[in-house]
Structure formats: structure tokens, C-alpha cells
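# Observations on the model geometry
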Amino acid sequence: MSSSTTKFDHKSQSVTFLMADGVTPVVLPIPDIDYWFYYNTALCINYGAQLGACFVMLIVTAVLTKESKRRTPVYILNLLSLALGFLRALLLALYSVSPWAEFYAYFAYDFVDVPRSAYANSIAGAVIPLLMTITVNMSLFLQAYTVCKAMQKKYVVMISFISGLVFLLAVGFRFAQVITNCLAIMDAGQYFHYTWITVGTLATETISIWYYSIIFTGKLLWTVYARKNLGFQKWSYIQILAAMGGCTMIIPSGFAVLEYAAPDDFPEAGTLALTTVALLLPLSSLWASMVTTEANSSFNVSQLWGSGSSQDASTLERKTFGSVSTCPSTFSTERKGSTAPISPSTIDTIIEHASQRDSTELDLEMMGVRVDRSYSVHSGT
């Protein structure tokens, strides 16, 4: 008797309840009940974190973005992505407290008592990710196109064509998932036999994120490299955009891998991939624009101009370092914050208007990041 008691595993026993007919029994192992509690709790934490992050970033982006940038397409798309991310997380989190997730309905697979409002919430939660996929990919496409439009026309056409195919592939898989998922919801049926569509949706979205981010980040890194060779040692706003572009590739991919590497430990980890991109896109633009504004506001013109200069001060107020045209690589531009003036007897500099704004500055203007003033610096002879 003692030996039999010691071997008894109390956690593996089952509980029994009856169906609505009062006759048919349902035998349920306790570990299944434990996992049901864990899954719902983890799901709420996941979607709650996404909901809060999207809401905070939405407010920050709306408040901190400059008035002149609030009508740009990228800004509008970023705000729409954050708003859709908020609604998606909210509707998906409501599933865990809806009649769908009640103990009897879930384990007896009896959804007769589920109201039509619960069906509507679930269908809306399935449709909104399609809209979010469209806005996020359009924002990524515009960023990639913006930095590439100064290239030769044949390369721009080729990149745009491939970008369109990648966009249609990601949206097409998401559209197929929305249709099949909504049909399964209306029939209160299972979705397991459509798993390949879910896998394809997450895979194509990850591919599109990588494709657009590689183009965007690669072009910016090449710009940083070219400017360093020309003597411009610090272009912090471009470096920030390049770094955030790398994060846009790596971080969402990690969540996509977790979706299939540890589905039981981290439920619905793949939903964080799209949300992360929606959060990083406005964050990178805000960060870069703040750094640019700070750099311009702290620039001291008197450090570059002698006391005997005949140049009008109002002209200088419309200029700052930023042109790649003719600056020698030996000339150091790291003068911001320095207390030592440049002696006219040591170096005779002539500062004049650049003939045209740098192509990278024009490209990034569409993203809300712009260097408003530019110098062209020549050595006197």
C-alpha cells in the first residue's frame, strides 16, 4: 500500500465533466488544463506589451514630429501602422477573455453559446493584420526607394520591380491567411490544416523586411563610407538610420524564429515581428531628426569665421556642413564644441553656397530627416 502511494503521480491524473446533453463525459488531463491557463496568460502578456508599445510610440511620434514633416507619406504610413498595431493587439488580447476561451467551450469544443459579437471581434482581429502588413511594407518600400532614386534609371527600375514582387508576395500570403482564417472562424472550425499558410505568411513577411532593409541600410552604409573618404568623419544621423535599419532586419527575424523554435514557451512570438518593424520605423526617423536638430542648433559659426570677415552673418545662418562636393580629406570638420578658433593666418578658407544639395540629403528628406543648411569648403590658394 505504501509502495503504491509513493508511485502515484497526482499531477498526471484526469478530471471529468459532462457535455451539454448531461450524458457524454469528457476526460481531461490536468496538464492540459495547466497549459491552457499558461497559454492564455502568456498570450495576454504578449499582446498587452505590443498594445502598450504601439500606443506610446504613436503618441511620441505624433507629438515630436515636426509640423513640416507631418504630411509626408512615410509619416502617415508609420502612424497608420502604429494605430493598426494597437488595434490588432487589442482585438487579439480580447480573445483570451471572450466566450471562445471559456473552459467548457474550449475543452468541449462546443461554441453554441458564443455570441455574434465574439465572432465579429475575431474576424476584425484577423483582417487588421492584413492592413498592417500593407502599411508596414509600403513604408519600407518608400524608404528603400527614397535612397535609391538617385541611382541610374535601369537600377531603380530593376529594384522597384523586384520590390513590387516582394510586396505582392507578402501581402498575397497574408490575404490568403485572412480569408481561410475568417472562414474557419465563421464555421467555428479548426485551422490546423492551414498551418502551411501561416508559415508562408511569416516567411514572406520576414523576407520582405530583410529585402527592403538591406537596400536601405546598404545604401546608407555606402554613403557613410564615401563621406569618410572625403573627410567627413561624422554624419551621425545617417549612421543612426543605418544602425536602426540593421535592427529592423535582425530583431523581427529573431521573433520569427522563436515562433517555430519554441512555440510552447513563447506563444504567438511571430506576431512581434511586424509590431517591431512598426515601432522601429518612426523611432529611427525621430532619433535621426533630433540628432540633426541638436547638431545644427549647437553649431558655432564664429569658430569658422574670423573677426575681420566681410561675409554677412545672415548668410551664414543658412549654411552648415553637409556637402560632399569639394572638401579635402585632410580638412577636419570636427570643430563643433571646440573653444579654439580657426586662425585666418593658418588657413584661408572660403565658404560659399553649394551649387546643389547633396543627393543623400534630398533622399532622406522624404523620411523626415533633413540637413537644412550646407557648406562647400575650399582651400584658398
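Predicted, not measured: the structure shown is a model, and the values here were computed from it. (Residues numbered from 1 in each chain as written. Predicted model: local features only at pLDDT ≥ 70, side-chain atom pairs only at ≥ 80, totals over all residues. Heavy atoms only, no water.)

### Focus: the pairing of strand β2 (residues 25-29)
Burial of the side chains of β2 is restricted to one face: V26 and L28 are buried, whereas none of P25, V27 and P29 on the reverse face is. Two strands pair when backbone bridges link them, and strand β1 (residues 14-18) and β2 are joined in this way by five bridges, in the antiparallel orientation. Residue T16 lies in a different strand from β2, and its bridge partner there is V27. Counting the residues that bridge the hairpin from β1 to β2 gives six residues, and of these G22 lies at a positive phi of roughly 75°. (Buried < 20%, exposed > 50% of the residue type's maximum accessible area, 1.4 Å probe, protein only. Helix = DSSP H or I, 4+ residues; strand = E, 2+ residues; numbered from the N terminus. Pairing = 2+ DSSP bridges.)

### Focus: the layout of surface pockets
Of the volumes computed, that of the largest pocket is approximately 1,700 Å³. Residue lining of the largest pocket: 46 residues in total, with Y39, Y95, N181, Y191 and E268 positioned closest to the centre. Listed by contribution, the elements that provide at least two residues to the lining of the largest pocket are α2 (30-64), α3 (73-94), α5 (116-148), α6 (153-186), α7 (195-229), α8 (236-261) and α9 (271-297). (1 Å grid on protein atoms, 1.4 Å probe; cavity = no way out; pocket = protein on both sides within 12 Å on 5 of 7 lines; lining within 4 Å. Points joined across faces, edges and corners; volume = space filled by probe spheres on them.)

### A short note on unusual backbone geometry
The backbone of Y109 sits at a positive phi, close to 55°, despite the residue not being glycine. Tracing the backbone through its elements, the reader meets Y109 in the loop between α4 (103-108) and α5. Classification of Y109 by relative accessible area gives partly exposed; the value is 41%. Look at A188: it is not a glycine, yet its phi comes out positive at around 50°. Take A188: it is sitting in the loop between α6 and α7. Residue classification places A188 among the buried residues on the basis of a relative accessible area of 18%.

### A look at a nonpolar patch on the surface
Taken together, the side chains of F55, V56, I59, V60, V63, L64 and M290 make up a nonpolar region of the molecular surface, amounting to roughly 600 Å² of accessible area. Tallying contributions element by element places α2 first for the nonpolar patch, with six residues. Given the relative accessible area of 31%, V60 is considered partly exposed. (Patch = residues over 30% accessible without salt bridge, like charges linked within 9 Å, V, L, I, M, F, W, Y side chains within 5 Å. Areas by Shrake-Rupley, 256 points an atom, 1.4 Å probe, with all protein chains shown as cover. Salt bridge = Lys/Arg side-chain N within 4 Å of Asp/Glu carboxyl O.)

### Looking at the side chain of R174
Along the chain, the position of R174 falls in helix α6. Assessed through its relative accessible area of 11%, R174 is described here as buried. A polar contact is formed between the side chain of R174 and the side chain of Q177, at a distance of 2.6 Å. Those residues in contact with R174, other than ones at most four positions away along the chain, are P129, L130, T133, T201 and E205. (Polar contact = N/O pair within 3.5 Å; in protein donor to acceptor, adjacent residues only side chain to side chain. Contact = heavy atoms within 4.5 Å.)

### Thoughts on empty space enclosed by the protein
Under the counting rule described, the total for this entry stands at three cavities of 30 Å³ or more. Empty space within the largest cavity amounts to approximately 80 Å³. Contributing to the lining of the largest cavity are L140, Q143, Y212, S213, F216, L241, M244, G245, T248, L280, L281 and S284. Among the secondary structure elements, those contributing two or more residues to the lining of the largest cavity are α5, α7, α8 and α9. At four residues, α8 tops the list of elements feeding residues into the lining of the largest cavity. When its residues are assigned to classes, the lining of the largest cavity shows seven nonpolar, five polar and no charged. As a volume, the second largest cavity reaches approximately 50 Å³. Forming the boundary of the second largest cavity are F141, A144, Y145, C148, V156, I159, S160 and S163. When residues of the lining of the second largest cavity are traced back to their parent elements, those giving at least two are α5 and α6. Split into classes, the residues belonging to the lining of the second largest cavity amount to six nonpolar, two polar and no charged. (Nonpolar A, V, L, I, M, F, W, Y, C, P; charged D, E, K, R; others polar.)

Such coordinate-based values are descriptive only and should not be taken to indicate function.
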